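As a plain string of letters, each chain reads:
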Amino acid sequence: MTKAVRDALEGVSEIELTVTGRKTGRQISRPVWFVQEEESIFLVPITGSDSQWYKNVRQTPMIEVSSNGTALSTSATPITEPDRVSHVVEMFRDKYGADQVEAHYPKHDVAVQVSLM
């Protein structure tokens, strides 16, 4: 992970995620919460596998994440194994608070790993 990416993520609670629309082919951006572990960040779609951006990532895994003026084009890998999803959700609870995660994330059936390398 480059120092610029590391610095851009430092102390930030959300990043900008840009995916390619699976029907339109257009770039779609939205702010998302994230957690970081080693050389990856992890995302949890608000409505789990029903989230539109998650469905877009499954079709076109190349995404862009940006924060504080630094952008990184990289690949996203869907996580569907329940134990790994639970680990990511637990990291979200640690960072944002269990009450916030439960209020904003009603479905925890998938997560997404984004490589920062």
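For the structure, see preceding data.
Residues numbered from 1 in each chain as written. Predicted model: local features only at pLDDT ≥ 70, side-chain atom pairs only at ≥ 80, totals over all residues. Heavy atoms only, no water.

A.B. asks: Looking at this structure, I do not really get the sheet that holds strand E7 (residues 111-115). What am I missing?
C.D. replies: Through backbone hydrogen bonds, the strands of a sheet pair up, either in parallel or in antiparallel fashion. Strand order in the open sheet made by the seven strands is E2-E1-E5-E6-E7-E4-E3, with antiparallel pairing throughout. Of all the strands in the sheet, just strand E2 (27-33) and strand E3 (35-37) have a single pairing partner and so form its edges. Averaged over all neighbouring strand pairs, the angle between strand axes comes to 35°, with direction disregarded. Pairing of strand E5 (residues 62-67) with strand E6 (residues 70-79), which is carried by six bridges, proceeds in the antiparallel orientation. In the strand pairing of E6, serine 66 is matched with alanine 71. (Pairing = 2+ DSSP bridges. Helix = DSSP H or I, 4+ residues; strand = E, 2+ residues; numbered from the N terminus. Axes fitted to C-alpha atoms, helices over the stretch in contact; angles between N-to-C directions.)

A.B. asks: Which parts of the structure should I look at to understand helix H3 (residues 82-96)?
C.D. replies: Side chains that are three or four residues apart share a direction in an α-helix, a result of its 3.6 residues per turn. Along its 15 residues, H3 runs 21 Å from first to last C-alpha, staying within 8% of the 21 Å computed at 1.5 Å per residue. Those residues of H3 that are buried are in contact with E2, E3, strand E4 (40-43), E6, helix H4 (98-104) and E7. The positive-phi residue at the C-terminal boundary of H3 is glycine 97, with phi of around 100°. (Expected span 1.5 Å × (residues − 1). Contact = heavy atoms within 4.5 Å.)

A.B. asks: Explain the nonpolar core here, please?
C.D. replies: When a protein is soluble and globular, its nonpolar side chains tend to lie buried together. In this structure, Ile15, Leu43 and Phe92 are the most contacted members of the largest nonpolar core, which totals 35 residues. Setting aside anything within four residues of it in sequence, one finds leucine 43 in contact with Ile15, Leu17, Val32, Trp33, Phe34, Trp53, Phe92, Ala111, Val112 and Val114. (Core = buried A, V, L, I, M, F, W, Y, C linked by side-chain atoms within 4.5 Å. Buried < 20%, exposed > 50% of the residue type's maximum accessible area, 1.4 Å probe, protein only.)

A.B. asks: Sorry, what's going on with the environment of glutamate 37 here?
C.D. replies: Turning to its location among the elements, glutamate 37 is positioned in strand E3. For the pair formed by glutamate 37 and threonine 70, sequence separation is 33 residues and the distance between their alpha carbons is 19 Å. Apart from residues no more than four positions distant in its own chain, glutamate 37 is found in contact with Phe42, His87 and Met91.

A.B. asks: What should I look at first to understand the packing of aromatic side chains in this one?
C.D. replies: Applying the stated criterion across every chain yields a total of four aromatic pairs. An angle of 75° between the planes, with centres 5.6 Å apart, marks the rings of phenylalanine 92 and tyrosine 105 as edge-to-face. Here phenylalanine 92 is found in helix H3, whereas its partner tyrosine 105 is found in the loop between H4 and E7, with 13 residues between them in sequence. Each member of the pair, phenylalanine 92 together with tyrosine 105, is buried. Connected via pairs of aromatic rings, a cluster forms that spans Trp33, Phe92, Tyr96 and Tyr105. Lysine 95 extends its terminal NZ or CZ atom over the ring of phenylalanine 34, reaching a point 3.7 Å from the ring centre. (Phe/Tyr/Trp six-rings, centres within 6.5 Å; stacked < 30°, edge-to-face > 60°. Lys NZ or Arg CZ within 6 Å of the ring centre and 35° of its normal.)

A.B. asks: Looking at this structure, how should I read the pattern of salt bridges?
C.D. replies: One side chain can pair with another of opposite charge once the charged atoms of both are near each other. Considering all chains together, one arrives at five salt bridges under this definition. For the salt bridge of lysine 107 with aspartate 109, the shortest nitrogen-to-oxygen distance reads 3.8 Å. Lysine 107 sits in the partly exposed class, given a relative accessible area of 28%. The exposure class of aspartate 109 is partly exposed, given its relative accessible area of 30%. Salt bridges sharing common partners tie together Asp50, Lys107 and Asp109. (Salt bridge = Lys/Arg side-chain N within 4 Å of Asp/Glu carboxyl O.)

A.B. asks: What exactly am I supposed to notice about the pairing of E5 here?
C.D. replies: Side-chain direction in a regular strand flips from residue to residue, so the side chains alternate between the two faces of the sheet. Only one face of E5 is covered, namely the one carrying Ile63, Val65 and Ser67; the face carrying Met62, Glu64 and Ser66 has none of its residues buried. Where E5 folds back onto E6 in an antiparallel hairpin, the turn is made up of two residues, including asparagine 68, whose phi is positive at roughly 50°.

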